[in-house]
Amino acid sequence: MFEVTVEAGFSSGHYLRNYRGKCENPHGHNYKVFVTLIGADLDEAGLLLDFKLLKQVMRPVVDYLDHQMINDLEPFTTVNPSAENLARYFYQETAKQLHEMTEGRVRIKDCTLYETDTSFARYYE
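Residues numbered from 1 in each chain as written. Predicted model: local features only at pLDDT ≥ 70, side-chain atom pairs only at ≥ 80, totals over all residues. Heavy atoms only, no water.

The protein chain is annotated in an unreviewed UniProt entry as 6-carboxy-5,6,7,8-tetrahydropterin synthase from Edaphobacter dinghuensis. Heading Sequence similarities (unreviewed entry) of the UniProt record for the protein chain holds this comment: "Belongs to the PTPS family. QueD subfamily." (UniProt positions renumbered as here; feature names shortened; annotations may be inferred.)

Printed below as a string of structure tokens:
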């Protein structure tokens, strides 16, 4: 099996519902998100997927969240914008585009979202 990983970053605000503590108040983070792909077969160029293409797949999700109050955006008007839920959101949104692009040859292994330099959540299926 082969794996490739790409990193992207964005800055956004959020607050946690049903939480007691500082994070129940609006605050911001400089997020980093890592999407790792996996697959057994390389393309004609010897690539699992060109890093540039993976960055293009991630870009709409990053642009949607960047410099926004995440709680005001769907699906986070009802889904709590925790690091765990944001990691799942990135996974699901990029997986849709990736499947179409590679016809299932490449899949997402996991998505890791850093909320701070020392704290992250990972989602995989």
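Undergrad: Which residues make up the sheet that holds strand β3 (residues 107–116), and what values go with them?
TA: Taken together, the four strands give an open sheet; going across it, the order is β1-β2-β3-β4, and neighbouring strands pair in antiparallel fashion. Only two strands of the sheet have a single partner each, and these edge strands are β1 (2–14) and β4 (119–123). Taken pair by pair, the neighbouring strands of this sheet meet at an average axis angle of 20°, ignoring direction. Looking at chain direction, strand β2 (residues 27–39) and β3 are connected through seven bridges and run antiparallel. (Pairing = 2+ DSSP bridges. Helix = DSSP H or I, 4+ residues; strand = E, 2+ residues; numbered from the N terminus. Axes fitted to C-alpha atoms, helices over the stretch in contact; angles between N-to-C directions.)

Undergrad: Outline the environment of Cys23, supporting the account with residue identities and numerical values.
TA: Mapped onto the elements, Cys23 comes out in the loop between β1 and β2. With a relative accessible area of 25%, Cys23 lands in the partly exposed category. Cys23 sits 59 residues away from Ser82 along the chain, and the two C-alpha atoms are 9.9 Å apart. The contacts of Cys23, once residues within four sequence positions are left out, are Tyr15 and Leu16. (Buried < 20%, exposed > 50% of the residue type's maximum accessible area, 1.4 Å probe, protein only. Contact = heavy atoms within 4.5 Å.)

Undergrad: Any chance you could break down the pattern of salt bridges for me, citing the residues and the numbers?
TA: As a working rule, side chains carrying opposite charge can pair if their charged atoms are close by. By the definition in use, this model includes four salt bridges. For Arg59, the salt bridge identified is with Asp63, shortest N-O distance 3.1 Å. Of the two residues, Arg59 and Asp63 both sit in helix α1 (residues 51–65), four residues apart, roughly one turn of that helix. The class of Arg59 is partly exposed, set by a relative accessible area of 42%. Residue Asp63 is classed as partly exposed on the basis of its relative accessible area, which comes to 46%. Across the pair Glu93 and Lys96 runs a salt bridge, and its minimum N-O distance is 3.1 Å. Highlighted residues: Glu93 and Lys96, both in helix α2 (residues 83–102), separated by three residues, approximately one helical turn. (Salt bridge = Lys/Arg side-chain N within 4 Å of Asp/Glu carboxyl O.)

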